[in-house]
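Structure at a glance
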Amino acid sequence: MSVSNNNNTHHTPLKVYAYVLNMRGQPLMPTTPRKARLLLKEVKAIVINRCPFIIQLQYATGETKQPIKLGVDIGYQKIGFSAKTEQLEVISGTLTLRKDVSKKIEERRMYRRTRRGRLWYRKPRFLNRKKDEGWLAPSTQHRFDSHLRLVNTLESFLPISIKKVEVTNFDAQKMQNPEIKGVEYQQGELQGYKVREYLLDKWGRKCAYCGKTDVALQLEHIVPKSRGGTNSVSNLTLACKTCNVKKGDQTAEEFGHPTIQQQANKTLKATACMNNLRWKIVAHLGAEHTYGYVTKYHRNKLGLEKSHINDAFVIAGGTDQERCRPYEVIQVRRSNRSLQLNRKGFKPSIRRQRYELQPHDLVKFEDRIYSVKGVHCLGKRVILKNVNRKDKSVTIKKVELITYGKGLLFSLC
Ligand SMILES: [Zn+2]
């Protein structure tokens with residue numbers, strides 16, 4: 001388990017919440033599963049979703065809402081999210097992004113080319129040779145869409161008032177000027193984190209002298225302070241302990257690295273791709289933004305280990321709030337398009353027929369709810385996951401569909 005607060009005792013299990021909608025389907029403050037079950041028993045509410053557990057009230061209520069702040073940690077493969085009120089964390093988790101998007105697009109393109117190549121009677125078209133404005137590579141577009149989809153989903157059952165997203169490690173605009181004087185870069189200070197993140201990016205996370213990576217790097221004065229060197233970032237680099245000791249009281253040039261000073265004088269250009277995407281996400285969500293060094297500073301101060309969930313919690317402004325049990329979210333394609341050959345064995349077409357039940361669907365079997373692993377025997381039998389800790393094959397007539405398992409799928413860690 002990656003979630004732990006320094007002052008949170010480990011032997012109390014992490015809380016799970018039931019999310020509540022009012023009669024009009026708008027989100028209210030979450031409640032405990034026990035209370036939700038009572039409401040369901042009294043027929044005052046109906047079940048909307050099972051995981052996360054969402055109920056809708058069947059009577060009008062007064063609506064007291066506390067501000068809920070959502071933090072999103074944008075990642076390359078995983079998105080961390082955490083929402084909290086003043087006292088409690090109400091939801092957290094990680095969404096795993098799909099990795100097969102560009103491959104699938106490539107495949108589709110290939111099949112389409114072959115298919116259309118056979119349409120010899122159709123005149124070639126030349127109107128479609130330009131990419132639309134704002135076009136993103138499929139994998140990037142997927143990443144962008146996933147962030148929006150995730151936040152929209154969370155907003156559908158939580159009254160989120162403020163959203164906050166981390167954009168870059170540091171404020172590149174403000175760091176452009178290499179002659180920032182009198183920078184306090186003491187470890188443990190917020191400014192120190194900023195300078196460190198800046199230098200890590202600038203020097204490619206390696207020792208400037210021997211090029212070693214994956215070692216602890218120390219801040220190093222190119223011209224030592226004892227020789228009149230300043231604290232400005234243009235006089236700072238990163239070195240491993242060995243090099244730092246070896247260099248001692250020499251300047252970088254005397255140490256046999258004359259180009260280091262020139263490199264240090266250069267300003268750092270913001271790394272484009274991912275950062276643009278991040279700013280775009282901020283704009284589309286209407287979210288506030290923060291920087292990585294701020295997150296890192298607060299996370300270390302709280303004594304939390306590095307994880308997407310903890311980062312998101314810190315981004316949301318979390319401090320000593322009671323944490324909740326995180327969700328794991330995956331994405332399942334809604335339209336599982338695949339090509340099939342017709343009965344005579346040629347002319348591929350998009351598959352239209354599919355089995356009633358698909359993987360991840362939820363079904364009722366003998367009054368309990370199970371997840372479907374798949375069907376077999378030409379769709380006559382279905383395999384259910386985790387029936388007495390084992391997969392079980394049962395006839396499809398005995399199961400009843402509860403919900404389709406498509407889109408964003410939540411499960412408790
Ligand atoms: Zn070194």
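Structure: see above.
To keep things clear, this report deals only with the structure shown in the data block. (Residues numbered from 1 in each chain as written. Predicted model: local features only at pLDDT ≥ 70, side-chain atom pairs only at ≥ 80, totals over all residues. Heavy atoms only, no water.)

**Quick look at the overall build of the chain**
The following threshold applies: Only DSSP runs of H or I reaching four residues or more are called helices, and only runs of E reaching two or more are called strands; each is numbered from the N terminus. Each residue is placed in one exposure class: buried if its accessible area under a 1.4 Å probe, protein chains only, is under 20% of its type's maximum, exposed if it is over 50%, and partly exposed if it falls in between. By definition, residues are in contact when any of their heavy atoms lie within 4.5 Å. Surface accessibility in these figures is a Shrake-Rupley result with a 1.4 Å probe; residues are shielded only by whichever protein chains are displayed.
Within the chain, the regular secondary structure consists of ten helices and 19 strands. The buried share of the chain, reckoned over its 413 residues, is 41%. For the chain, the share of sequence-separated contacts (at least 6 apart) that also reach a separation of at least 24 residues comes to 62%. Surface accessibility of the chain: about 24700 Å² in total, with carbon and sulfur atoms responsible for 50%.

**Some thoughts on the packing of aromatic side chains**
The way to describe two aromatic rings as a pair is by their centre distance and the angle between their planes. Filter applied, for reference: Two rings from Phe, Tyr or Trp (for Trp, the six-membered ring) form a pair when their centres are within 6.5 Å of each other. A pair whose planes differ by under 30 degrees is stacked, one over 60 is edge-to-face, and the rest are tilted. Only Lys NZ and Arg CZ are tested; either one counts as a charge over a ring when it is within 6 Å of the ring centre and within 35 degrees of the ring normal.
One pass over the structure, following the stated rule, counts seven aromatic pairs. Ring geometry for F81 and F410: centres 6.5 Å apart, planes at 70 degrees, overall edge-to-face. One end of the pair, F81, is in strand β5 (residues 78–84); the other, F410, is in strand β19 (residues 407–412), with 329 residues separating them in the sequence. By the burial criterion, F81 is buried, and F410 matches it. The interplanar angle of 75 degrees and the centroid separation of 5.7 Å between the aromatic rings of Y327 and F410 together place this pair among those described as edge-to-face. A residue pair is termed long-range when its members are at least 10 positions apart, and Y327 in strand β11 (residues 327–332) and F410 in strand β19 qualify at 83 residues. Relative accessible area serves as the criterion here: at 9%, F410 is assigned to the buried category. A connected cluster of aromatic rings, assembled from ring pairs, spans Y19, F81, F157, Y327 and F410. Looking at R143, its charged tip hangs above the ring of Y76, at a distance of 4.2 Å from the centre.

**Side note on the sheet that holds strand β14 (residues 362–365)**
The condition is simple: At least two DSSP bridges between two strands are required for those strands to pair. Lines fitted to C-alpha atoms define the axes, with helix axes restricted to the stretch in contact, and inter-axis angles between N-to-C directions lie between 0 and 180 degrees.
Here we have five strands laid out as an open sheet, ordered β17-β16-β15-β14-β18, and antiparallel in their pairing. Each having just a single partner strand, β17 (390–395) and β18 (400–403) make up the two edges of the open sheet. Across the sheet, the axes of successive neighbouring strands diverge by a mean angle of 45 degrees, strand direction being ignored. Inspection of the sheet shows strand β16 (residues 381–387) paired to β17 by five bridges, in the antiparallel sense. If you follow I383 over to β17, its bridge partner there is S393.

**What to know about the coordination of the zinc ion**
Note the cut-off: In this analysis a donor is any N, O or S atom within 2.8 Å of a metal ion (3.2 Å for sodium, potassium and calcium), and since water is not included, sites may seem incomplete.
Taken together, the protein ligands of the zinc ion are C207 (SG), C210 (SG), C240 (SG) and C243 (SG), with distances of 2.2 to 2.3 Å. Every donor residue of the zinc ion comes from the same chain, spaced as C-x2-C-x29-C-x2-C. Linking C207 in the loop between α5 (190–202) and β8 (217–221) with C240 in strand β9 (residues 236–240), this pair joins segments that are 33 residues apart in sequence. The pair C207 / C240 is uniform in exposure class, with both members buried.

**Considering the packing of α5 against helix α9 (residues 292–302)**
In a pair of packed helices, the angle between the axes and the distance between the axes together describe the arrangement. Note the threshold: Every angle not falling under 35 degrees, over 145, or within 65 to 115 is termed oblique; those three ranges are roughly parallel, roughly antiparallel and roughly perpendicular. Left-handed is the label given to a crossing in which the near helix is rotated counterclockwise from the far helix by less than a right angle, and right-handed is the label when the rotation is clockwise. In the scheme used here, Gly and all other residues not listed as nonpolar or charged are polar, with Ala, Val, Leu, Ile, Met, Phe, Trp, Tyr, Cys and Pro taken as nonpolar and Asp, Glu, Lys and Arg as charged.
Here α5 crosses α9 at 125 degrees, and the two axes come no closer than 9 Å. With respect to their mutual orientation, α5 and α9 come out oblique. Every pair of crossing elements has a handedness; the one defined by α5 and α9 is right-handed. For the pair formed by α5 and α9, the contact residues are L190, Y193, K194, E197 and L200 on the first element and Y293, V294, K296, Y297 and N300 on the second. Among the residues making up the contact of α5 with α9, the classes are represented as six nonpolar, one polar and three charged.

**As for the packing of α9 against helix α10 (residues 308–315)**
Running from N to C, α9 and α10 cross one another at 105 degrees; their axes reach a closest spacing of 9 Å. In terms of orientation, α9 lies roughly perpendicular with respect to α10. On α10, the residues touching T295, H298, R299 and L302 of α9 are N310, D311, V314 and I315. A breakdown of the residues in the contact of α9 with α10 according to their chemical character gives three nonpolar, three polar and two charged.

**Considering the nonpolar core**
One recurring pattern in soluble globular proteins: nonpolar side chains tend to sit buried together. Note the cut-off: What makes a nonpolar core is a set of buried Ala, Val, Leu, Ile, Met, Phe, Trp, Tyr and Cys residues whose side-chain atoms join them at distances within 4.5 Å. The split of the chain into domains comes from an automatic or database domain assignment.
Of all hydrophobic cores here, the largest spans 62 residues; its most connected members are I91, L154 and L158. No other element matches the six residues that helix α3 (residues 138–157) contributes to this core. Here this core gathers at least three residues from each of two domains, domain 1 (68–99 + 137–170 + 271–331) and domain 2 (177–265). Apart from residues lying up to four places away in sequence, I91 is in contact with Y19, F81, S82, A83, L154, F157, L158, C324 and Y327.

**Focus: the side chain of H142**
The topology assignment puts H142 in helix α3. Non-local contacts of H142, meaning those with residues more than four positions away in its chain, are made with L97, R98, V101 and Q331.

**With respect to the pattern of salt bridges**
So the rule is basically this: Salt bridge, as applied in this entry: a Lys or Arg side-chain nitrogen positioned within 4 Å of an Asp or Glu carboxyl oxygen.
Tallied over the full model, the rule gives 14 salt bridges. Its salt-bridge partner being R227, residue E254 comes within 2.8 Å of it at the nearest N-O pair. Of this pair, E254 sits in the loop between α6 (241–247) and α7 (259–265) while R227 is found in the loop between β8 and β9, placing the two residues 27 residues apart along the sequence. E254 sits in the partly exposed class, given a relative accessible area of 44%. Given the relative accessible area of 41%, R227 is considered partly exposed. Overlapping salt bridges, with partners in common, bring together E197, D201, R205 and K296 in one network.

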